[in-house]
Amino acid sequence: MKVIVNDVELDLAPGTSAIDAVFAAGYDVPYFCSHEYMSPIGACRMCLAKVGAPRKNPDGTWVLDEATGQPKIFWFPNPMATCTTAIMEGMVIDSLCAEAKKAQGGMMEMHLINHPLDCPTCDKGGACELQDRAYEYGQGHSRFIFDKRHQEKHHDLSDLVILDRERCIHCKRCVRYFEEVPGDEVLDFIERGGHTYIGTLEGGLPSNFSGNITDICPVGALLDSTSRFRGRNWEYAHTASVSMNDASGSALTIDARTGRIERIKGALNPEVNKIWIDDGSRFGHEYVDHPDRIKSPLIRKGESLSPATWEEAGSYMAEKLKGFKASEIGILFKADSTLEEGIAMQQLAESIGTKQLDYAPRPAAGVIPNAKQATFTDVATSDAILVLGDVTEEMPILDLRIKDALKGVAPSALMPHGVPIADLRLKERMPHKKQILSVAAPYEVSLMREAGRVLRYQAGEERALIRDLAQDLIKQLEEAKNAVIILGGFILADPEATAACYELANRVNAKVLAIGPMANSYGLEAMKLANGDMEAMIQGTAKALIVSNLNPALNAKALKACEFLVAHSLFHNETTALADVVLPAKSVYEKDGTVVNAEGRYLKVQAAPVDGGASEDLLGVIKYLGEALGSRLEGRSLRSARRQFKAAYGLDLDSLPEHGRLVPASQGSTKAKASQKIGKDRALVVPSMVKAEYSAYNQHLRMAFGGPALIMSPEMAKLKGLREGDEVKVRVGGLERSLTLRLNLTLPNDLVLVPALPEQPSGLSSLDSIQSLAPQEPVL
C-alpha cells in the first residue's frame, strides 16, 4: 500500500501499523505502551499523529480534490494513536505538525503529573524512556502545583522483582507480558482512576520468566532485586553474549562494574529468543562473585593444598604426567565448554597420545537429530507439535516459542527499523490453538496446561510410549504442513527410544529438535570429541585424570584407582578435596568463544570484564601445560583455536554475524551408552531451570525457587518417616546428594524426583538410599 509519512512516500505491506510507517520513513514518534512482541493497545496515547486517508465513491473511484485533481484526503477529527491504527491505501500521516506536537506534549504532561521525578536516585536514570521522551517531547515546565499521589515505593512482587508504585505510568506492558508471553496471569491493575496500582496475588510471581518485566518497563518502576542500587546505567560495561544456562543460545547483555557482574538483561535475537530470557539465565550469575571462588592455582603438599603460580602448576603437572603411559591419562570436561576449548582438549589429547577424552553431561543418545533439524522458527510456526519431556525447565525459551505457535501468528518480517513496533495481528487474550500441542511426560509439567493432548506415562517406559502413540496423533503429525517433535532428556537417556522417535519423525515428515543438557552439547558432539567414557575413566581406566568443572567424586566409589588428579574448578568440592593440583576456572561469563545451540546455530560468547583472579579457561590450561611439556599446542589461545577449527571443520568462527549462523550438522556422532540398571526403588533425574550445582551460591534464585529438592508423594514420605522441608541425604545412581524434601500430590508412590547435575543428566536412575539429616519425632 502507498502511504505518505511527513511527505515521504512508502510502499508497505497491508496490515502495517501507522507507527511502523512513521519509523520506516525515518521519523520518530514517542511511545511507552507498545512493544515489539506484545499486542498494541494505545494505552499511553503518546504516539499521536495527524492521520487522514482518501475515500472511494460508490463506483470504486477515488473522491478527488477539485483544486488538484488528486484523491482528496479526509482527516480524522482528532489525533490518532498510530500504534493501533492500520495503514490503508493512500493514507497520509503527519507526526510533525503543530497539532501532533501539542497532543504529544499534553500527554507527556499528564504522564508526569504524579511521577515522583526522583531521577537522581532511580536505577533507570540514563536508560529511562520516560526521561528521554520528556526531554524530547515535554514542554519543559510543570503547571501542577498540588501534592502528588503517594504510593508504596518498595514493594516486593517476589524475591527477584521489586516494584516502585509511585513511578508506574500504567502502560500495562508488564500485565500484558504475563498474559500474552508465558501465559502466567499473575499481575494486574487493582483499583481505578487515580488509585490504580499494579499488584499480584499472594503467591507473588510464580513464573520462570518473571524478570523480563524489568527489561520492558519504560520507567524505573520494576527493578531486578540483584542489581538494585548497584550502579547507574552509564557506569556499566555492556557485553553482548548468549545464555550458557541451557542449549537455547538466547541472546543477553551482561552488565558489569568494577570487576563484578551486576545484572543480566535479555537481548534481541529474533530467530532464537526474540528478546526474552528465563529467570535462571537472568538471576543465576551471583555465584561468579562469590567469595568462596578459587582464584589461584593450588598444589598438594602433604595433606594440604598450597598456593602456586600457573607456571609452577604447569611444570608440576607435566612432570607427574610423564610417569604414566599415554593410554592411562584421561581428560574429562564439562559440556558448556566452547568450541575453542574443545579444540584445546582435542589437541592436548593428541599431544599426550591418549584416546580417553570425554565431556559431561552426555546423554545416552546423541543430541544431533537423525532426522530433519528443527529450528526455533519452525517451532513457532508449527501446526502440530509433540513435546516429549519438561521443556519449561529444560530449555525455558522453547516453552515461549511453543506458545507463539499456539497463537497462530507467524513471526513478523523485519522492517527497515527492525522488528515491527506494533504487530496488529497480536491481540489481548488471544485464544490458543491447544489442539495442535501434545505433551508427554512421566509427571505433571507446566506445559500440559496449554496442551490439547496430555500423555502421562510411567518413568522409564519411553519406548512403549513411542510404540503405542495413538493413531489420531500420528495422523495429525502426518497431515500437518510443519510438524515438529521435541525430544527432552528422558527420551535421549534411552538410545532405542530416541531411534524410535527419529523413525517416527521420518515416517510422518516431521522435524526434530533434541534438547541437549548443556550449552554446547550440540557443538561438542559435532566435533566428535567423545572418544572415551566418563564412567570408565573415573572407575579406573584413567590412572591420571584431568577434570574440568565436574565433580565425579560425588560418587564415593569413583577415583579410587586414580593416582594423579587435576581439578579445574570454580569452587572447592569433593573432587578438589582429592586433587593433587587445583586450577582456578573461569566462569561462563568470563570466556570468549563459540557455542552451537540446539538448532545448530553457531553463536558468539563474549567475556564480561569480571575479576576472576588468576582464573583461566581450558585454553589457558593447555597454554601452561603445553609450555611445560615443551610444546606450543594449537588451542593455546582464541586465535590459535579458531585457526585450527577452520582448518578442521571449514568454518571461520571470526566471521559469525550478530545473531549467529545456522549450520546444522548432518548426523550425530556420539557413541551410545548402555542403559543404566535400575533397582527396586526408582528416582527420576529431572531438568531444572535453576542449576543445582550453583544453587548454594545464587542467593536470590535460592530464595525464590528454593534449594535443590527431593520431590516425592506424601504417602511415600510417610512410609519413609519424612516430612516436608526435611534435609535429607540421598544416593541416586551412586551419587550422594544433600537435598530438601518437598511433597507433590500428583507423583506416584514408587517414584521420586531429583534435579539433574552435570555428572548426572536427566533420566531414570536407582534410588539407592534416603537418610534424614535431622531426625524428628515419628510421623503420626
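Residues numbered from 1 in each chain as written. Predicted model: local features only at pLDDT ≥ 70, side-chain atom pairs only at ≥ 80, totals over all residues. Heavy atoms only, no water.

Trainee: Just to check I follow, could you spell out the environment of M107 for this structure?
Mentor: Position of M107 among the secondary structure elements: in helix α2 (residues 98–112). Sequence-wise, M107 and A526 are 419 residues apart; in three dimensions their C-alpha atoms are separated by 56 Å. Those residues in contact with M107 that lie beyond four places of it in its chain are C44, R45, M46 and L48. (Helix = DSSP H or I, 4+ residues; strand = E, 2+ residues; numbered from the N terminus. Contact = heavy atoms within 4.5 Å.)

Trainee: I tried to follow the pattern of salt bridges on my own but got confused; where do I start?
Mentor: It is possible for side chains bearing opposite charge to pair when their charged atoms get close. Enumeration over the complete set of coordinates arrives at 44 salt bridges. The closest approach of N and O atoms between E109 and R143, which form a salt bridge, is 2.7 Å. With E109 in helix α2 and R143 in the loop between α3 (129–137) and β7 (155–156), the pair connects residues that are 34 residues apart, well separated along the chain. Taking the relative accessible area as the measure of exposure, R143 reaches 59% and is therefore exposed. (Salt bridge = Lys/Arg side-chain N within 4 Å of Asp/Glu carboxyl O. Buried < 20%, exposed > 50% of the residue type's maximum accessible area, 1.4 Å probe, protein only.)

Trainee: Just to check I follow, could you spell out the packing of aromatic side chains for this structure?
Mentor: Geometrically, a pair of aromatic rings is defined through the distance of the ring centres and the angle of the planes. Applying the stated criterion across every chain, the model contains 13 aromatic pairs. With centroids separated by 6.1 Å and ring planes inclined at 80 degrees, the aromatic side chains of F23 and Y31 adopt a geometry described as edge-to-face. Residue F23 shares its accessibility class with Y31, and that shared class is buried. A ring pair is formed by F645 and Y649, whose centres lie 4.8 Å apart and whose planes are at 40 degrees; its orientation type is tilted. A residue pair is termed a helical-turn pair when its members lie 3 or 4 positions apart in one helix, as F645 and Y649 do in helix α19 (residues 638–649) at four residues. Since its relative accessible area comes to 34%, Y649 is described here as partly exposed. (Phe/Tyr/Trp six-rings, centres within 6.5 Å; stacked < 30°, edge-to-face > 60°.)

Trainee: Which parts of the structure should I look at to understand the sheet that holds strand β16 (residues 304–307)?
Mentor: Two orientations exist for strands paired in a sheet by backbone hydrogen bonds: parallel and antiparallel. A sheet is described by the order of its strands in space; here seven strands give the open sequence β16-β15-β26-β25-β24-β17-β18, paired in mixed fashion. With one partner strand each, in any of the chains shown, β16 and β18 (356–360) form the two edges of the open sheet. On average, each strand axis in the sheet is inclined to that of its neighbour by 20 degrees, with strand direction left out of account. Pairing between strand β17 (residues 329–334) and β18: five bridges, direction parallel. (Pairing = 2+ DSSP bridges. Axes fitted to C-alpha atoms, helices over the stretch in contact; angles between N-to-C directions.)

Trainee: How should I be thinking about the pairing of strand β15 (residues 298–301) in this particular structure?
Mentor: Two faces belong to every sheet, and in a regular strand the side chains alternate between them. As judged from the four bridges shared by β15 and β16, these two strands associate in the antiparallel manner. Each bridged residue has a counterpart across the sheet, and for I299 the counterpart in β16 is S306. With antiparallel pairing between neighbouring strands as the criterion, β15 and β16 make up a hairpin whose turn holds two residues, including G302 at a positive phi of roughly 75 degrees. Note: β15 against strand β26 (residues 581–584), two bridges, orientation antiparallel. Looking at β26, one finds that L298 is bridged to V582.

Trainee: What is the right way to read the environment of R723 from this model?
Mentor: With respect to the helices and strands, R723 occurs in the loop between α21 (714–720) and β32 (727–732). Along the backbone, R723 and T740 are 17 residues apart, and their C-alpha atoms lie at a distance of 10.0 Å.

Trainee: Just checking my understanding: could you explain the nonpolar core for this structure?
Mentor: Grouped burial of nonpolar side chains is what soluble globular proteins tend to show. Counting residues in each nonpolar core, the largest one holds 149 residues, and the members touching the most others are I213, L388, L398, I402, I485, I486 and L487. A per-element tally of this core places helix α8 (residues 339–352) first, with seven residues. In contact with L388, not counting residues within four places along its chain, are A440, L465, I466, I485, I486, L487, G488, I491 and C501. Judged by nonpolar contacts, the second largest core, of 26 residues, contains F23, Y31, V51 and I421. (Core = buried A, V, L, I, M, F, W, Y, C linked by side-chain atoms within 4.5 Å.)

Trainee: For this particular structure, what's the right way to read the side chain of R601?
Mentor: Secondary-structure assignment places R601 in strand β28 (residues 601–605). The exposure class assigned to R601 is buried, which follows from its relative accessible area of 4%. A distance of 2.6 Å separates a polar atom in the side chain of R601 from a polar atom in the side chain of E599. (Polar contact = N/O pair within 3.5 Å; in protein donor to acceptor, adjacent residues only side chain to side chain.)

Trainee: How should I be thinking about unusual backbone geometry in this particular structure?
Mentor: Glycine aside, residues mostly have negative phi angles, and peptide bonds mostly take the trans form. Between A360 and P361 the backbone carries a cis peptide bond, its omega angle lying at 0 degrees. When you line up the elements, P361 lands in the loop between β18 and α9 (376–380). Positive phi values are uncommon outside glycine, yet K528 reaches one of about 60 degrees. Checked against the element boundaries, K528 lands in the loop between α16 (521–526) and α17 (534–541).

Trainee: Is there a simple way to explain the packing of helix α7 (residues 310–321) against helix α18 (residues 618–629) in this structure?
Mentor: Helix packing geometry: the angle between the two helix axes and the distance between the axes. At a minimum axis separation of 8 Å, α7 and α18 run at an interaxial angle of 60 degrees. In this view, α7 runs oblique relative to α18, as classed from their interaxial angle. Of the two elements, α7 crosses α18, and the hand of that crossing is right-handed. For the pair α7 and α18, the contacting residues are W310, E311, G314, S315, M317, A318 and L321 in the first and V621, Y624, L625, A628 and L629 in the second. Considered class by class, the residues forming the contact of α7 with α18 number nine nonpolar, two polar and one charged. (Parallel < 35°, antiparallel > 145°, perpendicular 65-115°, else oblique. Left-handed = near helix turned anticlockwise from the far one by under 90°. Nonpolar A, V, L, I, M, F, W, Y, C, P; charged D, E, K, R; others polar.)

Trainee: Even after reading the chapter, I still don't get the packing of α8 against α19, so can you show me in this structure?
Mentor: At their nearest, the axes of α8 and α19 sit 9 Å apart, and the two run at 80 degrees to each other. With respect to α19, the axis of α8 lies roughly perpendicular. For the pair formed by α8 and α19, the contact residues are L339, E340, I343, Q346 and Q347 on the first element and L638, A641, R642, Q644, F645 and Y649 on the second.

Trainee: Hey, could you run me through the side chain of K403 in this one?
Mentor: Positionally, K403 belongs in helix α11 (residues 396–407). Leaving out residues up to four positions away in the same chain, K403 has contacts with V181, P182, L447, R449 and E450.

Trainee: I tried to follow α8 on my own but got confused; where do I start?
Mentor: One turn of the α-helix equals 3.6 residues, which is why residues spaced by three or four share an orientation. For α8, which comprises 14 residues, the first-to-last C-alpha distance of 20 Å matches the rise-based estimate of 20 Å (1.5 Å per residue) to within 8%. Most of α8 is tucked away: twelve of the 14 residues are buried. Where α8 is concerned, the buried positions are L339, E340, E341, G342, I343, A344, M345, Q346, Q347, L348, A349 and I352. (Expected span 1.5 Å × (residues − 1).)

Trainee: Hey, could you run me through the sheet that holds strand β14 (residues 260–266) in this one?
Mentor: In spatial order, the strands read β12-β13-β14; together these three strands make up an open sheet with antiparallel pairing. With one partner strand each, in any of the chains shown, β12 (237–242) and β14 form the two edges of the open sheet. The mean inter-strand angle of the sheet, taken between neighbouring strand axes irrespective of direction, is 30 degrees.

Trainee: Honestly, the pairing of β14 in this entry has me stumped. Any pointers?
Mentor: In terms of burial, β14 is a largely internal element, five of the seven residues being buried. Bridge count for strand β13 (residues 251–257) against β14 is six bridges, and the pairing is antiparallel. Looking at the pairing, I254 lines up with I264 of β14. Remark: two residues form the turn of the hairpin made by β13 and β14, two consecutive strands paired antiparallel; T258 in that turn has positive phi of roughly 50 degrees.

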